[in-house]
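# Observations on chain architecture
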Amino acid sequence: MSPAPDTAPVDHADPTPVVHILHDNAEWLPPLVAALDAAGVPHREHLLDGTSFDLAAAPPEGVFWSRLSGSAHTRGRATAKEVARATLRWAERHGRRTINGSSVVELEVSKVAQYLALASAGFDVPATTAVFGTADLKARAREQALPFITKHNQGGKGLGVRRFDDLDSFDAYVDGPDFEVPVDGITLLQEFLQAEEPFNTRVEFVGGRFVYAVRVDTSAGSFELCPADACVVPDGADPATFAPFAVRPSVTAEHPLVKRLEAFVAEQGIEVAGIEFIETADGRFVPYDVNTNTNYNPDVERESSVSAAATLAAWLGDVLAAEYAPTPA
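Residues numbered from 1 in each chain as written. Predicted model: local features only at pLDDT ≥ 70, side-chain atom pairs only at ≥ 80, totals over all residues. Heavy atoms only, no water.

Now for the pattern of salt bridges. Taken as a whole, this structure holds 20 salt bridges when the rule is applied. Note that arginine 284 is salt-bridged to aspartate 124, the shortest N-O span being 2.8 Å. Remark: aspartate 124 occurs in the loop between helix 4 (111-120) and strand 5 (128-132) and arginine 284 occurs in the loop between strand 12 (272-279) and strand 13 (285-291); sequence separation between them is 160 residues. Residue aspartate 124 is classed as partly exposed on the basis of its relative accessible area, which comes to 30%. (Salt bridge = Lys/Arg side-chain N within 4 Å of Asp/Glu carboxyl O. Helix = DSSP H or I, 4+ residues; strand = E, 2+ residues; numbered from the N terminus. Buried < 20%, exposed > 50% of the residue type's maximum accessible area, 1.4 Å probe, protein only.)

Laid out in structure tokens, this is it:
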């Protein structure tokens, strides 16, 4: 690979195997890089933009870890999805070990793919209609029970998520200047899930195994629930006291839903993820978001007896070591 403008050069002749971090947002990396450094795991960052490679040339030695985000286009990385797809397929073609590889990228950038995969695995998922373009939006909205929400198929950080309690306000939104056009043209119309209590739960997995569960306070009504320290504090919140993320100790590796989600990530080839679910007022447990570029909240990391960042760094080191272990004589 030739380097992107703000990445270190890659020497194809360098035989030293490293963890290659494919990413679209350097602001999310410092805690993970610090954990890798503390664990002594060699690594190199590659921005998913402005790169190039010869398809016949072997990729640099190492393990390729995808940190692609479905919201990359909101940070000026409109082509990140395609760069990730091509780079991971190139690495896989040449036999390199990938983490959250090319098949997982498709889940990161498509909630349609996520819901279909979850439903196929037997999970209760939100009732959702995928609308391509805008011609059918109003008509399909009239098939939804009120209230309902919209969201973008390729999203993250609450892109396109709005609640509608009546059809007149929805029609005005579709026809008005504030309509948010999805980057892939797909708007989702989805049932509004009423939580039993004002929080949802995010379950973190590393190496396909449960690490901890996070309680995410939604009492402020925001749909933008990025846990990273680099994310923006919602309007009106005091950054000195805003702390919606906390460890949820009652959700453990033995929780029935966690066991099912572990089986799901194994089946899908997902090795690092944060999966969010909601417990509804009518007793449903509904997974609704699969984040394969998961970030760890610093407050949770300090509170938890187990650090997800440290667990991830140690696991990446083990994967790298196993991939390049000497072949027995």
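On to the sheet that holds strand 3 (residues 62-67). In space, the 4 strands of this open sheet follow the order 2-1-3-4, with parallel pairing throughout. Both outer strands of the open sheet, strand 2 (43-47) and strand 4 (97-99), are each paired with one neighbouring strand and no more. Averaged over all pairs of adjacent strands, the angle between strand axes in this sheet comes to 25 degrees, irrespective of strand direction. With 6 bridges joining them, strand 1 (residues 18-23) and strand 3 adopt parallel strand pairing. Counterpart to leucine 22 in the pairing with strand 3 is serine 66. Running over the sheet, helix 2 (residues 80-93) touches strand 1, strand 3 and strand 4 and is turned about 145 degrees from strand 4. (Pairing = 2+ DSSP bridges. Axes fitted to C-alpha atoms, helices over the stretch in contact; angles between N-to-C directions. Contact = heavy atoms within 4.5 Å.)

Under the definition given, this model contains 8 aromatic pairs. Ring geometry for phenylalanine 123 versus phenylalanine 264: centroids 5.8 Å apart, planes at 80 degrees, classification edge-to-face. With a gap of 141 residues between them, phenylalanine 123 in the loop between helix 4 and strand 5 and phenylalanine 264 in helix 7 (residues 256-268) connect regions that are remote in the sequence. Pair check on accessibility: phenylalanine 123 and phenylalanine 264 agree, each one buried. An aromatic cluster of three or more residues is present, and its members are Phe148, Phe164, Phe170, Tyr173 and Phe179. For the cation-ring pair, arginine 163 lies above phenylalanine 192, with the distance from its terminal atom to the ring centre recorded as 4.3 Å. Positioned above the aromatic ring of phenylalanine 123, the side-chain terminus of arginine 260 is 4.2 Å from the ring centre. (Phe/Tyr/Trp six-rings, centres within 6.5 Å; stacked < 30°, edge-to-face > 60°. Lys NZ or Arg CZ within 6 Å of the ring centre and 35° of its normal.)

The next thing to look at is the sheet that holds strand 8 (residues 186-191). With respect to topology, 4 strands assemble into an open sheet ordered 5-8-6-7, the strand pairing being antiparallel. Strands with a single pairing partner mark the edges of an open sheet, and in this sheet they are strand 5 and strand 7 (162-164). In this sheet, adjacent strand axes meet at a mean angle of 25 degrees when their direction is disregarded. Inspection of the sheet shows strand 6 (residues 148-152) paired to strand 7 by 3 bridges, in the antiparallel sense. Looking at strand 7, one finds that isoleucine 149 is bridged to arginine 163. Docked against the sheet, helix 4 engages strand 5, strand 6 and strand 8, running at close to 45 degrees with respect to strand 8.

The next subject is unusual backbone geometry. The omega torsion of the bond from leucine 146 to proline 147 falls at -5 degrees, within 30 degrees of zero and hence cis. As for its placement among the helices and strands, proline 147 is situated in the loop between helix 5 (137-141) and strand 6. Its identity as a non-glycine residue notwithstanding, asparagine 100 has a phi of 55 degrees, on the positive side. Of note, asparagine 100 is situated in the loop between strand 4 and helix 3 (102-108).

This part takes up the packing of helix 1 (residues 30-38) against helix 9 (residues 308-323). Helix-helix packing is characterised by the crossing angle of the two axes and by the distance between the axes. Between helix 1 and helix 9, the shortest axis-to-axis distance is 8 Å and the interhelical angle comes to 55 degrees. Taken together, the axes of helix 1 and helix 9 are oblique relative to one another. In the crossing of helix 1 with helix 9, the sense of the turn from one axis to the other is right-handed. Between helix 1, through Pro31, Leu32, Ala35 and Leu36, and helix 9, the contact on the second element is made entirely by Ala309, Ala310, Leu312, Ala313 and Leu316. Class assignment of the residues belonging to the contact of helix 1 with helix 9 gives a composition of 9 nonpolar, no polar and no charged. (Parallel < 35°, antiparallel > 145°, perpendicular 65-115°, else oblique. Left-handed = near helix turned anticlockwise from the far one by under 90°. Nonpolar A, V, L, I, M, F, W, Y, C, P; charged D, E, K, R; others polar.)

To continue, consider the environment of leucine 137. Examined against the element boundaries, leucine 137 turns out to sit in helix 5. Taking C-alpha positions, leucine 137 is 7.8 Å from valine 174, a pair spaced 37 residues apart along the chain.

Here the focus is helix 1. Every buried residue of helix 1 is listed here: Leu32, Val33, Ala35 and Leu36. Taken around the axis of helix 1, the buried residues stretch over an arc of 160 degrees, which confines them to a single face. For helix 1, the elements touching its buried residues are strand 1, strand 2, strand 3 and helix 9. (Arc of directions from axis to C-beta.)

Mean pLDDT over the chain stands at 91; residues scoring 70 or higher make up 88%. Below pLDDT 50 for its whole length, residues 2-11 participates in 22 contacts with residues either more than four positions away or in separate chains. (pLDDT = per-residue confidence, 0-100.)

Along the polypeptide, threonine 150 turns up in strand 6. Residue threonine 150 is classed as buried on the basis of its relative accessible area of 2%. Within the structure, the side chain of threonine 150 is placed 2.8 Å from the backbone oxygen of glycine 160, a separation counted as a polar contact. Those residues in contact with threonine 150, other than ones at most four positions away along the chain, are Gly160, Val161, Arg162, Phe164, Phe170, Thr187, Leu188 and Leu189. (Polar contact = N/O pair within 3.5 Å; in protein donor to acceptor, adjacent residues only side chain to side chain.)

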